[in-house]
Amino acid sequence: MASIWREKNVGIVPRAQLQGEFETEAAVIGGGLTGILTAYRLQEQGIKTCVLEADAVGSGTTGGSTGKITAQHGLIYAKLIHDFGRAQAREYARQNSAAVEAYARLIEKEGIACDFARCSAYVYSRDGMAALREEAEAAKRLGIDAVLAEVTKLPFQVDGALCFPEQARFDPLAFTRALAACAERMGATIFEKTRVTGLEDMRIFAAQGTVKAKHIVFACHYPIVNIPGYYFLRMSQQRSFAVALRGVPSLSGVYIDQQQGGLSFRSARFGEEDVLILAAYDVRSGKNTVGGKYRELLSAARKLYPDCELVAQWSEQDCRTVDEVPYIGRYSAETPNWYVATGFNKWGITNAMVAAGRLSSLIMGEAAEEEESIYNPARFKLLPSMKNLAGDAGNALAGFAKAAFSIPAEKLTTLPRGEGSIVEHAGEKYAVYRDEAGETHVLPSRCPHLGCRLEWNPDDRTWECPCHGSRFGIDGEILSEPAVHGLAQEKDNACADQLIK
Ligand code: FES
């Protein structure tokens, strides 16, 4: 099932693919929320911009987001003050708070119909009030209006909640598609079904053509160039799961558990009815090998709302940086006219707006020097709270070296229909999926990005890379970067044919 935004936004006429040579001032790789906002801002300043989107505008992470427009990013501000100091924490708070207002202004100015509504955002706790009190104090020190509440409209008892008033929610896909049309009206060119496969200095290569640009923005979720930049050493990807339910009382606020991976709630309009989006989990990509996440989420929903009915279910992948702050700025010291926005740590709505403002200012030569910014992609210091670093590096290394669980080829017929597994044949390992009709789909088991062994995700029926989160469909088509090629292109047909026999 697709997300409710994707279900609501069907029937869009596809745009043209890039064909041949194209020249422009700025090229944005990625037509999600960040890429389209950046293209809009650049075009607004008179910079001739094109967008290269691998699939369709908003079809990636944007279409799977919960659409909360808020500067409340879980419990983050006490940690930011602790790790980065008050000045940089204030920059993050100020820019993300300003982003909420920027959405309101932009939606009004362009008359965008995207179910935008003001609401309060809450972090709730069922584990005492200490962390909420600390966060409330930190938020206030940074100039954010933050209020502690004792009760909420949630269907269970909480110890309390931290409220940020005057936040908002919307349909992120309807917004992105409408803004893309506005950018085009101002002169931007958007190519769809145009996956970037490589770059050479200021030239971008796709299967059907090339783009030459004076400025290149990587807004493609995960940066696709490994060196320079080395983002693959300092970012991982995580998958969360969502269900949309009817027959549930509407909530005016948006809510998230203070515990990472706990339940998140928001109501949304879907056709003629209100539905509740319930989301949870932070599973590292390639680690959901047992599956059952949708079943667990639905079971949790039915305990809270016995009469609820499933409308849609979907999952989405987010990039996480080691210090949990996005990288927004110049791609690397060696590439002064390449720019990047990535690692939004699940809070991509306001950070996309921050990125669009920051990157367009850099390109216009208006931004202050980057070194002092909390978003500076070149930053690297060991922070007291950088507990994820060892885990992230360890996961990547384990993925490289991994002798993944595999079954011998003779046992292939024991693989249940609808399941995938790594299968060993003549000393080689293959990623094998057996479809509902019993047909076998054989692919290489190594990720084309940097060679880690893939893992099967039974919930979404995809192959996922535990190192940096590339994803592939059952026939090897690429679903998520940083890999830029699918798996089928690497298929050793001779071996695969033998295996199927
Ligand atoms: Fe990097 Fe697979 S995503 S090795």
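Structure first, text after, so check above.
Keep in mind the model is a prediction, meaning the values are calculated, not measured.

Re the sheet that holds strand β22 (residues 455-457)
An order of β22-β23-β24-β25 is seen for the 4 strands of this open sheet, with the pairing classed as antiparallel. In this open sheet, the two strands that pair with only one neighbour each are β22 and β25 (478-480). In this structure, strand β23 (residues 462-464) lies alongside strand β24 (residues 471-472), joined through 2 bridges in antiparallel fashion. In the strand pairing of β24, glutamate 464 is matched with arginine 471.

A few points about the state of the cysteines
Enumeration according to the criterion identifies 1 disulfide in this entry. Note that cysteine 452 is cross-linked by a disulfide to cysteine 467, the S-S spacing being 2.0 Å. Residues cysteine 452 and cysteine 467 are joined through a disulfide that is left-handed, its torsion about the S-S bond being -85°. Of this pair, cysteine 452 sits in the loop between β21 (440-444) and β22 while cysteine 467 sits in the loop between β23 and β24, placing them 15 residues apart in sequence. Classification of cysteine 467 by relative accessible area gives buried; the value is 1%. Not part of a disulfide, cysteine 220 finds its nearest cysteine sulfur in cysteine 319, a span of 9.1 Å. Cysteine 220 sits in the buried class, given a relative accessible area of 8%.

Regarding the packing of helix α3 (residues 77-84) against helix α4 (residues 86-110)
Interaxial distance between α3 and α4 falls to 7 Å at its minimum, and their mutual angle equals 145°. In this structure, α3 contributes Tyr77, Leu80, Ile81 and Phe84 to the contact, and α4 contributes Arg86, Gln88, Ala89, Tyr92, Ala93 and Asn96. Classifying every residue of the contact of α3 with α4 by side-chain character gives 7 nonpolar, 2 polar and 1 charged.

Looking at the packing of aromatic side chains
Under the definition given, this model contains 21 aromatic pairs. Judged by centre distance (5.7 Å) and plane angle (25°), the ring pair of tyrosine 92 and tyrosine 375 falls under stacked. Linking tyrosine 92 in helix α4 with tyrosine 375 in the loop between α8 (348-364) and α9 (388-401), this pair joins segments that are 283 residues apart in sequence. Assigned by exposure class, tyrosine 92 and tyrosine 375 land together as buried. Between phenylalanine 241 and tyrosine 294 the ring centres are 5.3 Å apart and the planes differ by 80°, which places this aromatic pair in the edge-to-face class. Taken together, the positions of phenylalanine 241 in strand β11 (residues 235-246) and tyrosine 294 in helix α7 (residues 293-304) put the pair 53 residues apart, joining distant regions of the chain. In this structure, phenylalanine 241 and tyrosine 294 share a single accessibility class: buried. Through successive ring pairs, a cluster of aromatic residues spans Phe218, Tyr231, Tyr327, Tyr331 and Trp338. When the ring centre of phenylalanine 156 is taken as reference, the NZ or CZ atom of arginine 126 above it lies at 3.9 Å. Against the face of tyrosine 281 rests lysine 293, its NZ or CZ located 5.3 Å from the ring centre.

Parameters and conventions
- Here the residue numbers are simple positions, counted from 1 along each chain's written sequence.
- Side-chain atom pairs in this predicted model are given and counted only at pLDDT of 80 or more, local residue features only at pLDDT of at least 70, and totals for whole chains, interfaces and linings cover all residues.
- Side-chain measures were taken over the full set of non-hydrogen atoms in the model, leaving aside hydrogen atoms and water.
- By this definition, two strands are paired if DSSP reports at least two bridges between them.
- Secondary structure follows DSSP: runs of H or I at least 4 residues long count as helices, runs of E at least 2 residues long count as strands, and numbering of each begins at the N terminus.
- Any two cysteine sulfur atoms within 2.5 Å of one another count as a disulfide.
- Each residue is assigned to one of three classes by its accessible area relative to the maximum for its type, calculated with a 1.4 Å probe on protein chains only: buried under 20%, partly exposed between the two thresholds, exposed over 50%.
- Throughout, an axis means a line fitted to C-alpha atoms (over the contacting stretch in the case of helices), and angles, computed between N-to-C directions, take values from 0 to 180 degrees.
- Here, residues are in contact when the closest pair of their heavy atoms is within 4.5 Å.
- Gly counts as polar in this scheme, as do all residues outside two lists: the nonpolar Ala, Val, Leu, Ile, Met, Phe, Trp, Tyr, Cys and Pro, and the charged Asp, Glu, Lys and Arg.
- The aromatic pairing rule takes the rings of Phe, Tyr and Trp, using the six-membered ring of Trp, and pairs them if the centres are within 6.5 Å, calling planes under 30 degrees apart stacked, those over 60 edge-to-face and the rest tilted.
- As a reminder, the over-ring test applies to NZ of lysine and CZ of arginine, requiring each to be within 6 Å of the ring centre and within 35 degrees of the ring normal.

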